[in-house]
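# Structural overview for review
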Amino acid sequence: MKHAKRLQSLTLGASLLAAAIPSQAVVDSPGGPAVRQMNFQPPVTQIAEQIYDLHILMLIICLVIFVAVFGVMFYSILKHRKSLGHKASTFHESTTVEIAWTVVPFLIVIGMALPATKTVVAMKDTSNADLTIKVTGMQWKWGYDYLKGEGEGISFLSNLATPREQVTDASIKKNDNYLLEVDNPVVVPVNKKVRIVTTANDVIHSWTVPAFGVKQDAIPGFVRDTWFRAEKIGTYRGQCVELCGKDHAFMPIVVNVVSEADYKTWVDGKKKEMAAKADDPNKTWTIDELKQRGEKVYTANCAVCHQANGKGVPGAFPPLDGDPVVNGPRAQQIHVVLNGKNAMPAWKTVLNDTEIAAVITYTRNSWSNKAQENIVQPAEVLAGRK
């Protein structure tokens, strides 16, 4: 009776919990994974098509081997069993069998290796690219620099766009592209060869877009490359597929493939946007201007480790609230932010002088911090780079 009552109360509790959390229908992610997807994403490059064909070919070969081997085995067991009067043979070896089970697997391996090698060689042929984009993996975002081709000079960071409350609160309805959406997608023209050069600022990441047949590790201190030529206009999604830290799941990749005309329009708009955002390091800012700008920079780049309240993550990331460096001489904090320290990356290649000055000023005037040197101008950061 006691167990029955306990089971009844548990069932009631589960029902109430299910009623409290609204049901959420899972839908396909445009350009990404689909509900109940059993195979690869539809390929939009020749390399991805070849990978798909190889996948099917290998499955067929494995299936044929499986059926043949187990067919012979079960036939032998059923038709030559002792109950039918058969006796075990007493031979020790057979030259014919030895040759057969050496030659046949060798031919099978060659038949699988030849088309696979052809595809692998094609995957590494990055010559004659129309566009070259440098991809830098960071904890936990992607940096993109357009190095060659139309759009040369464009540079931006790409962060997860899914609101944090959707991640932490199970009761909030999720977006259709939950954890697969970014604030700044990569934009490339259709039917153009795009070379991707990968590296990383901190740990190993991996830039992967399944519809392109692209997976390339981004390794600190190394430069590696791959390429794709998308043959269909659309939005395509991927993720970092190396276990790169606690927010590994929050590093999505979004590539918008557009027409040549739309790409030119995007390039013109992006360059105008970058010119408008360009900061003069010699400009003198007020403390309120720096704090307002610094809060945005902190939220986008620092809060993921040090938390919005500046308390950090015990055992992983130190708190900035009450930190002696933050409350000490500003030159020391400028040096740490520019060049990094321990798990903290060097921000001098990611943020400009004004952004670094703003975020330092913000931390020195936030929470319980009351630094005596409470304002840092961009010119001081510029001087610290030398």
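Everything numeric here is computed off the predicted structure, so don't read it as measured data. Sequence positions are assigned chain by chain, starting from 1 and proceeding in written order. In view of the model being predicted, local features appear only for residues whose pLDDT reaches at least 70, and side-chain atom pairs are presented and counted only at 80 or more, with totals across whole chains, interfaces and linings using the full set of residues. Side-chain measures were taken over the full set of non-hydrogen atoms in the model, leaving aside hydrogen atoms and water.

### Some remarks on the side chain of Glu-181
Residue position: Glu-181 is located in the loop between helix 4 (164–168) and strand 4 (186–189). Only heavy atoms enter the contact rule, under which two residues are in contact if any of them lie within 4.5 Å. Setting aside residues no more than four positions away along its own chain, Glu-181 makes contact with Asn-159, Leu-160, Ala-161, Thr-162, Asn-175, Arg-237, Pro-252 and Val-254. Helix and strand definitions here come from DSSP, where helices need a minimum of 4 consecutive H or I residues and strands a minimum of 2 consecutive E residues; each element is numbered from the N-terminal end.

### Regarding empty space enclosed by the protein
A 1.4 Å probe that fits into a set of points on a 1 Å grid over the protein atoms alone but cannot get out defines a cavity; an open set with protein on both sides within 12 Å along at least five of seven lines defines a pocket, and lining residues are those with an atom within 4 Å of a point. Grid points are joined across faces, edges and corners, and a volume is the space filled by probe spheres set on the points. Under the criterion given, the structure shown has 1 cavity of 30 Å³ or more. Quantified by volume, the largest cavity comes out at close to 40 Å³. Contributing to the lining of the largest cavity are Met-138, Gln-139, Lys-141, Asn-201, Asp-202, Pro-345, Ala-346, Trp-347 and Val-350. Residues are grouped as follows: nonpolar covers Ala, Val, Leu, Ile, Met, Phe, Trp, Tyr, Cys and Pro; charged covers Asp, Glu, Lys and Arg; every other residue, Gly included, is treated as polar. Its residues assigned to classes, the lining of the largest cavity shows 5 nonpolar, 2 polar and 2 charged.

### Some remarks on the packing of aromatic side chains
Pairing of aromatic rings covers Phe, Tyr and Trp, the last counted by its six-membered ring, and requires centre-to-centre distances within 6.5 Å; plane angles under 30 degrees mean stacked, over 60 mean edge-to-face, and any other angle means tilted. Under the counting rule described, the total for this entry stands at 14 aromatic pairs. On the basis of an interplanar angle of 35 degrees and a centroid distance of 4.7 Å, the ring pair of Phe-66 and Phe-70 is categorised as tilted. Taken together, the positions of Phe-66 and Phe-70, both in helix 2 (residues 46–79) and 4 residues apart, correspond to about one turn of that helix. A simple rule labels every residue: compare its accessible area, found with a 1.4 Å probe on the protein chains alone, to the largest value its type can have, and call it buried under 20%, exposed over 50%, or partly exposed in between. For Phe-66, a relative accessible area of 48% puts it in the partly exposed group. Every member of this aromatic cluster is reached through a ring pair, and the members are Tyr-144, Tyr-146, Phe-156, Tyr-263 and Trp-266. Both a distance and an angle decide whether a charge sits over a ring: NZ of Lys or CZ of Arg must be within 6 Å of the ring centre and within 35 degrees of the ring normal. Taking the ring centre of Trp-140 as reference, the NZ or CZ of Lys-246 above it sits at 5.6 Å. Geometry around Trp-285 places Lys-283 over its ring, the cationic atom sitting 4.2 Å from the centre.

### Concerning the sheet that holds strand 2 (residues 141–148)
Following DSSP output, two strands are said to pair if at least two bridges run between them. Ordered by their spatial adjacency, 5 strands build an open sheet running 3-2-1-5-8, and the pairing between neighbours is mixed. The strands lining the two open edges of the sheet, one partner per strand, are strand 3 (155–158) and strand 8 (224–228). Taken over all neighbouring pairs, the strand axes of this sheet differ in orientation by 25 degrees on average, direction set aside. For helices, the fitted axis covers only the stretch in contact; all axes are lines through C-alpha atoms, and the angles between them, taken along N-to-C directions, range from 0 to 180 degrees.

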